[in-house]
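Letter by letter, the chains look like this.
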Amino acid sequence: MALIREAFEVRPVWSLGRLTQEIGARVTKIMGPARNPEKCINEMLQGVAYKVSKGPWCTAFVRLGYDLCQRPEARIYQILNVWHTQDGDVMPLKKRSKSAASKDPSKDSAVPKE
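**Q** Can you break down the overall build of the chain residue by residue, with the values?
**A** Helix and strand content of the chain: four helices and five strands. Scanning the chain from its N terminus toward the C terminus, one meets helices and strands in the order α-β-α-α-β-β-β-β-α. When each of the 114 residues of the chain is scored for burial, the buried share is 27%. Working note: accessible area of the chain is about 8500 Å², and carbon and sulfur atoms make up 53% of it.

**Q** So, the sheet that holds strand S1 (residues 13-15): which residues are in play, and what are the values?
**A** Two orientations exist for strands paired in a sheet by backbone hydrogen bonds: parallel and antiparallel. On the basis of which strands lie adjacent, the open sheet formed by three strands has the order S1-S3-S2 and antiparallel pairing. Two strands in the sheet have a free side with no partner beyond their single neighbour: S1 and strand S2 (49-51). Pairwise comparison of adjacent strand axes, ignoring direction, gives a mean angle of 30° for this sheet. Bridge analysis of S2 against strand S3 (residues 60-63) gives three bridges, and the strand direction is antiparallel. When the bridges of S3 are listed, Lys 51 appears paired with Phe 61. On the sheet, helix H1 (residues 2-10) packs against S1, S2 and S3 and is oriented at approximately 85° with respect to S3. Here helix H2 (residues 16-31) sits on the sheet in contact with S1 and S3, set at roughly 90° to S1.

**Q** Quick one: what's the story with the packing of aromatic side chains, residue by residue and with numbers?
**A** Remark: the centre distance and the inter-plane angle together describe each pair of aromatic rings, the angle taken between the planes. This structure, assessed with the given rule, holds zero aromatic pairs. Here the guanidinium or amino end of Arg 11 rests over the ring plane of Trp 14, the centre of that ring lying 4.4 Å away.

**Q** Just give me the short version of the pattern of salt bridges, but keep the residues and values in it.
**A** According to the stated counting rule, one finds three salt bridges in the structure shown. The salt bridge partner of Glu 43 is Arg 35, with a shortest N-O separation of 3.2 Å. Residue class for Glu 43 comes out partly exposed when judged on its relative accessible area of 46%.

**Q** For the environment of Leu 3, give the residues involved together with the corresponding values.
**A** Relative to the helices and strands, Leu 3 is located in helix H1. Sequence-distant contacts of Leu 3, defined by excluding residues within four places in its chain, comprise Ile 23, Arg 26, Val 27 and Ile 30.

**Q** Before we move on, can you summarise the pairing of S3 with the specific residues and values?
**A** Two strands pair when backbone bridges link them, and S1 and S3 are joined in this way by three bridges, in the antiparallel orientation. When the sheet's bridge partners are listed, Val 13 is paired in S3 with Val 62.

Reading guide: rules and limits
Residues numbered from 1 in each chain as written. Predicted model: local features only at pLDDT ≥ 70, side-chain atom pairs only at ≥ 80, totals over all residues. Heavy atoms only, no water. Helix = DSSP H or I, 4+ residues; strand = E, 2+ residues; numbered from the N terminus. Buried < 20%, exposed > 50% of the residue type's maximum accessible area, 1.4 Å probe, protein only. Areas by Shrake-Rupley, 256 points an atom, 1.4 Å probe, with all protein chains shown as cover. Pairing = 2+ DSSP bridges. Axes fitted to C-alpha atoms, helices over the stretch in contact; angles between N-to-C directions. Contact = heavy atoms within 4.5 Å. Phe/Tyr/Trp six-rings, centres within 6.5 Å; stacked < 30°, edge-to-face > 60°. Lys NZ or Arg CZ within 6 Å of the ring centre and 35° of its normal. Salt bridge = Lys/Arg side-chain N within 4 Å of Asp/Glu carboxyl O.

Below is the structure:
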């Protein structure tokens, strides 16, 4: 638990993946190689941080007591989720849908015709 607290003193917002990269090796050393470090970290986070479920910090863990909306400097921790289509296009995650992925953009009325 002390590792998690130290990490949140360094910076108030973490993604689970980045936090695992940062302290995962030390967690494995303490808990043993049989335990998944990401699961251990996720369990320890419950007493130190809350998970944001919507908005620009979606999926981020935020130190308890830290208000993202009251701190302009928190903008640097915003998370941008993107996904790639099979043809190499990049779209924001929130626009992802089965109909959008299979839709022909040339038939879309919002796309200007040349």
